[in-house]
Amino acid sequence: MALLHILRYPDPRLHKVAERVDRVDDRIRKLIKDMAETMYAAPGIGLAATQVDVHQRVIVIDVSETRDQLRVFVNPERVAISGEAEWEEGCLSVPGVFEKVQRAGKITVRALGADGEPYTLEAEGLLAVCIQHEMDHLEGKVFVEYLSRLKQQRILARIKKQERQTPGPEGRRVVL
Ligand code: NI
């Protein structure tokens, strides 16, 4: 297993649209393991392959307090959505930024598991929000893009300032 480097917003690679996985083979299983390890180490509750610069439809999520209930979504598809939810969201690709985003309150998704078998999941609450956030990553969308242009400009300005304050790679917080 290995920790993967997480792309930081506004890296343009976060805007690539991920491709479907043809087959859950050893390469995809290794990607899932590495993504899970990277998510737990960060620490985060969800990670999309896009964020580690692999543009395939793979998501890992664990919203449990005990951090031992890994969920894997390969080629996730929205079957149904209903209701509304608003959570203060953060993202491993946009460290230090937390903003409220409007989402569906319930979502039904169909996906393949780590074993390559299809399954359907009905989710609500934080899990539903997390699935929507991660599925957006696969479409090349970062949650800050739901915010007003003014808020996005402020976030970009703050990121630029942080970069100026910590010049050189040794001054940066390294996720690897
Ligand atoms: Ni994210």
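Remember, predicted model here, so these are calculated numbers, not experimental data.

So, how was this worked out
Every chain's residues receive numbers from 1 upward, in the order its sequence appears when written. The model is predicted, so local features are restricted to residues of pLDDT at least 70 and side-chain atom pairs to those at 80 or more, both for listing and for counting; the totals for chains, interfaces and linings are taken over all residues. Water and hydrogen atoms play no part in the side-chain values, which are based on all heavy atoms of the structure. Strands here mean DSSP runs of E at least two residues long; helices mean DSSP runs of H or I at least four residues long; both are numbered from the N terminus. Here's how the labels work: a residue is buried when its accessible area is under 20% of the maximum for its type, exposed when over 50%, partly exposed in between, all with a 1.4 Å probe on protein chains only. A contact between two residues is defined here by any heavy atoms of the two lying within 4.5 Å. The Shrake-Rupley method, run with a 1.4 Å probe, gives the accessible areas here. Residue values count only the displayed protein chains as cover. We treat Lys and Arg as the positive residues and Asp and Glu as the negative residues; His and chain ends play no part in the count. Lysine's charge is taken at NZ, arginine's at CZ, aspartate's at CG and glutamate's at CD. Put simply, two rings from Phe, Tyr or Trp (the six-membered ring, in Trp's case) pair if the centres are within 6.5 Å, and we call them stacked under 30 degrees between planes, edge-to-face over 60, tilted for the rest. Remark: a charge is flagged as sitting over a ring if the NZ atom of Lys or the CZ atom of Arg is within 6 Å of the ring centre and within 35 degrees of the ring normal.

**Side note on the overall build of the chain**
For step 1, the next point in the chain: Tallying secondary structure elements over the chain gives three helices and seven strands in all.
For step 2, the next point in the chain: Viewed in the frame of its principal axes, the chain has a C-alpha envelope of about 45 × 40 × 30 Å.
For step 3, the next point in the chain: Counting all 176 residues of the chain, 44% fall into the buried class.
For step 4, the next point in the chain: Within the chain, contacts between residues at least 6 apart in sequence are counted, and of these 65% link residues at least 24 apart.
For step 5, the next point in the chain: Just so you have it, the chain exposes about 9,900 Å², and 50% of that area is on carbon and sulfur atoms.
For step 6, the next point in the chain: Distance from the positive charge centre (27 side chains) to the negative charge centre (27 side chains) of the chain: 6 Å.

**Quick word on the packing of aromatic side chains**
For step 1, the next point in the chain: Tallying each qualifying case throughout the model produces one aromatic pair.
For step 2, the next point in the chain: Their ring planes at 50 degrees and their centres at 6.1 Å tell us that Phe73 and Tyr119 sit as a pair that is tilted. With a gap of 46 residues between them, Phe73 in strand S3 (residues 71-82) and Tyr119 in strand S7 (residues 118-124) connect regions that are remote in the sequence.
For step 3, the next point in the chain: By relative accessible area, Phe73 is classed as buried at 1%.
For step 4, the next point in the chain: Tyr119 gets classed as partly exposed once you look at its relative accessible area, which sits at 27%.
For step 5, the next point in the chain: Across from the ring centre of Tyr146, 4.0 Å away, lies the NZ or CZ of Lys141, which sits over that ring.

Read these as geometric descriptors, not functional statements.
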